[in-house]
Structure formats: C-alpha cells, structure tokens
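So the chains spell out like this:
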Amino acid sequence: MLQSLVRRHAFLPSTQLHRFFFSTGTSVSASGATASPDPHFLVEYLVDTCGFSADDASKVSKFLPRIQSTEKPDAVLGFFRSQGLDGANLRRILAWKPGLLCWDVETNLAPKFKILREMGLSESDIINVVRINPMVIGLKSQNTLLLKLKAWENLFGSREILLKNLRRRGWFFCSNIENVVRNMNFLLDECGIPEDRVSHVIKNHPSFIVPNPDAVRALVDRADGIGIPRGSGMYLWILFVLRGVSKEKFEAQVKLMNSFGLSNSDFNTAVQRHPTFLWSSTEALQRKMEFLIKDVGIAPVDIAYRPSPLGLSLEKRLIPRFRVMEILKSEGLWESTSKLPRFFSLSGPIFLQKYVLPYQDKLPKLLEVL
C-alpha cells in the first residue's frame, strides 16, 4: 500500500504537487513589510493587547500592512482567545506571521480550526498543534489544509497515527511532500529497504523522511562508508542517528575509541549494535569509557561488542549501579551471573527487584546510592 501510494504521488507533475502542498498563503496583503502610517500606534497596540515587550512589538509591527482600523485585529485576537490561545502562545503565533492579524476570521481562520476539530483533535490538542507549528493555520486555504491532512493520513496509514504525530511533533506536517515522496522512492527502490521498515520509520519518526533528498542520500553514503549493511534491521535507525551527528564529531569519536585500543572495525560494530551512543559528546564518551575500563574492569573490546552502557548516563545510571554492585560484593552477596552491560541496562523496576529489594532490610544504603 505504501509503495503504491508513493508511486501515485511520484507521477504528479512537480508544479501540481507544489500548488497543492507547498503554498503557505504568504502575500503582500497578509504579511508584507508595508509600513504603517503610524508605527507607534501599532507598537502600542501589540503591547497593550498581546503583551509583547516594546522591542518585540516594534519588530512585529514592521511586518504588518497599513491598518486603518483595529476591527480585524480585534476580531482575530478575540477568535484566538476563544480557541484557548493566549499569552505566550498567541505571541509566538503572531511573531511567526504578523499578517494573521489582518485575516478575516470567518473566511481564513475559523474553517481551519473546524477542520482540525472534525479530524478528532480536542481543544487542548489544537492549542498544542498550533503552538508547535503555527504554519498549520497559516496555509493559504482550508482546501490546502485538507489536502495535506489527507496526504499525511495516507502516508501514516491511519488517522489515529496522524493525530498522534500532530500532537507530539506537528512541525513535520507542513514539510515538502515532494521531498517525502522522493525520499521514500530512494529508500524503497534504490536502497532496497523493505516497505514495512520504511513505514515504521514514517509512523514513529516522520521528521526523518522530510529533509532535502540530497541530505538523505548523504546519510546513506555515510552509513555505507562505515560498512553498515543495508539489509540490517538497524539500518534506518542508524541513518536517523547519523542525522544528528556531524562528520567532524563522528571522526573525533572514532579517534577517541582508537585511543582505547579499538580498531575502526570494533567501533563500527559498536555503532551497528547501539548507535545512539553517538549522540553523546566526545568528552562524555571518554568519561564513560574510562569509567567502564578502569573502575568497572570491562575490556575495551567487550564494550565495543556490548555497547549499551555507552548510551546511559554516567552520573545517573552507571556510577550508582556500580556502587550497588560494590556494596553487594563487600557483603558477600554478589551472585549475579549477568553480563555487566546487562546489569547496567536493566530497567529501573527490574533492577530494584533483583539487586536492591531483596537486601533492603539488611542494607538500606543500597537505596541511598541510587
């Protein structure tokens, strides 16, 4: 289904895709920089009615058209407040698109809020969606909004998943659909990644699929360069992680791991097994490696092949649990046969049940060190 959907959009002319999905409705009359005959009046109006600081009001006022009357701005502010948008949320929206103050409520704004309600979003949901991504209401028309909602609903496979993502990270919604189609075609056809994996990423991390296609190709080149097989179940997750790691930072981390005696191949193995440790700063990664090697006594190569502790907090997870282990050893109660990486990686409740609660009467200090 996903592939057929991608094919259908792929054959639409570029101009048609652009017309349907990319217009934000920006116009000179709505957000142009035409100066007001009385800029001081606009500044005072924004300060008095919206709570802007004088400096912020001055910046916003520069992008407002000529205002002969406050009738429309008053109506817009009243409408936003009736929808639950006020204070900082309202200022954020107006700072993003000052021209909204001159829109017609019944023609431009009310229909879009109605569409969002009819989609199944509650009032609090709508406030959150508009706060995260005000472009949702800044689209040219309600028809454009409907087309985008339908397109993303098809891509996600259900309205429920669309609404979940709008509530959590609505900014993806106004991304370039043409880029999404190209990226999906690339991952499915050229990279040979199974459709179910691409679909999983779209549903859970839609931001991954929206960048410029050249950026996605560059990520694939980087993954190929470090020997990540495209057939690996971790491949897309590694691409997602690499997107947040610059080439310079990656090379610095390689050099750091080399300094502990690990080969580039060992480092690549660690990346394949637990890539999120790459998000750590180089300094934090060094402290974790030193702790695991010198204090805990894990061999560097064992860390590479079981790297999950590298993705954990040194201060909040590794050190406290190591202290628990030391206390249990000092009392002759350390009987664990688990590998140390698993000891550090266990969820909090399971760790407590296995290593703390059985001894809490005799060793209350176990809870104190966590």
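Predicted, not measured: the structure shown is a model, and the values here were computed from it. (Residues numbered from 1 in each chain as written. Predicted model: local features only at pLDDT ≥ 70, side-chain atom pairs only at ≥ 80, totals over all residues. Heavy atoms only, no water.)

(A) Structural view of empty space enclosed by the protein. Under the criterion given, the structure shown has 1 cavity of 30 Å³ or more. Of the voids in this model, the largest cavity is the one considered here, and its volume is about 30 Å³. Forming the walls of the largest cavity are Phe41, Leu42, Tyr45, Leu64, Ile67, Thr70, Pro73 and Leu101. With 3 residues, helix H4 (residues 39-50) is the largest single contributor of residues to the lining of the largest cavity. (1 Å grid on protein atoms, 1.4 Å probe; cavity = no way out; pocket = protein on both sides within 12 Å on 5 of 7 lines; lining within 4 Å. Points joined across faces, edges and corners; volume = space filled by probe spheres on them. Helix = DSSP H or I, 4+ residues; strand = E, 2+ residues; numbered from the N terminus.)

(B) Region of the structure containing the layout of surface pockets. In this structure, the largest pocket spans a volume of roughly 160 Å³. In terms of lining residues, the largest pocket is bounded by Arg197, His200, Val201, His205, Phe208, Ser232, Gly233, Tyr235, Leu236, Trp237 and Phe240. Contributing elements (two or more residues each) for the lining of the largest pocket: helix H14 (195-204) and helix H16 (235-242). At 4 residues, H16 tops the list of elements feeding residues into the lining of the largest pocket. When grouped by side-chain class, the residues that make up the lining of the largest pocket number 6 nonpolar, 4 polar and 1 charged. (Nonpolar A, V, L, I, M, F, W, Y, C, P; charged D, E, K, R; others polar.)

(C) Main features of the packing of aromatic side chains. Inspection of every chain in the model, using the stated rule, returns 20 aromatic pairs. Geometrically, the ring pair formed by phenylalanine 41 and tyrosine 45 is tilted, given 6.2 Å between the ring centres and 35 degrees between the ring planes. Remark: tyrosine 45 and phenylalanine 41 occur in helix H4; sequence separation between them is 4 residues, near one turn of the helix. Phenylalanine 41 sits in the partly exposed class, given a relative accessible area of 33%. A centroid spacing of 4.8 Å and a plane angle of 80 degrees characterise the contact between tryptophan 152 and phenylalanine 172, whose relative ring orientation is edge-to-face. Here tryptophan 152 is found in helix H11 (residues 142-156), whereas its partner phenylalanine 172 is found in the loop between helix H12 (159-169) and helix H13 (177-190), with 20 residues between them in sequence. (Phe/Tyr/Trp six-rings, centres within 6.5 Å; stacked < 30°, edge-to-face > 60°. Buried < 20%, exposed > 50% of the residue type's maximum accessible area, 1.4 Å probe, protein only.)

(D) Focus on the environment of valine 60. Checked against the element boundaries, valine 60 lands in helix H5 (residues 54-61). Take valine 60: its relative accessible area is 7%, and that puts it in the buried class. Each C-alpha atom, one on valine 60 and one on alanine 95, is 5.9 Å from the other, the two residues being 35 residues apart in sequence. Residues in contact with valine 60, not counting those within four places in the same chain, are Leu46, Phe52, Leu94, Ala95 and Pro98. (Contact = heavy atoms within 4.5 Å.)

(E) Quick look at the nonpolar core. Grouped together as the largest cluster of nonpolar side chains are 116 residues, with contacts concentrated most on Phe80, Trp152, Phe173 and Leu187. Beyond its immediate chain neighbours, meaning those up to four positions away, leucine 187 contacts Gly192, Ile193, Val198, Phe208, Ile209, Val216, Leu236 and Leu239. (Core = buried A, V, L, I, M, F, W, Y, C linked by side-chain atoms within 4.5 Å.)

(F) Structural detail: the pattern of salt bridges. One pass over the full model with this rule turns up 6 salt bridges. A salt bridge links arginine 230 to aspartate 224; the nearest nitrogen and oxygen atoms lie 2.7 Å apart. (Salt bridge = Lys/Arg side-chain N within 4 Å of Asp/Glu carboxyl O.)

(G) Just the confidence of the model for the protein, in detail. Per-residue confidence for the protein gives a mean pLDDT of 87; residues scoring 70 or more make up 89%. Across residues 10-37, where pLDDT falls below 50, the model places 51 contacts with residues more than four positions away in sequence or in other chains. (pLDDT = per-residue confidence, 0-100.)

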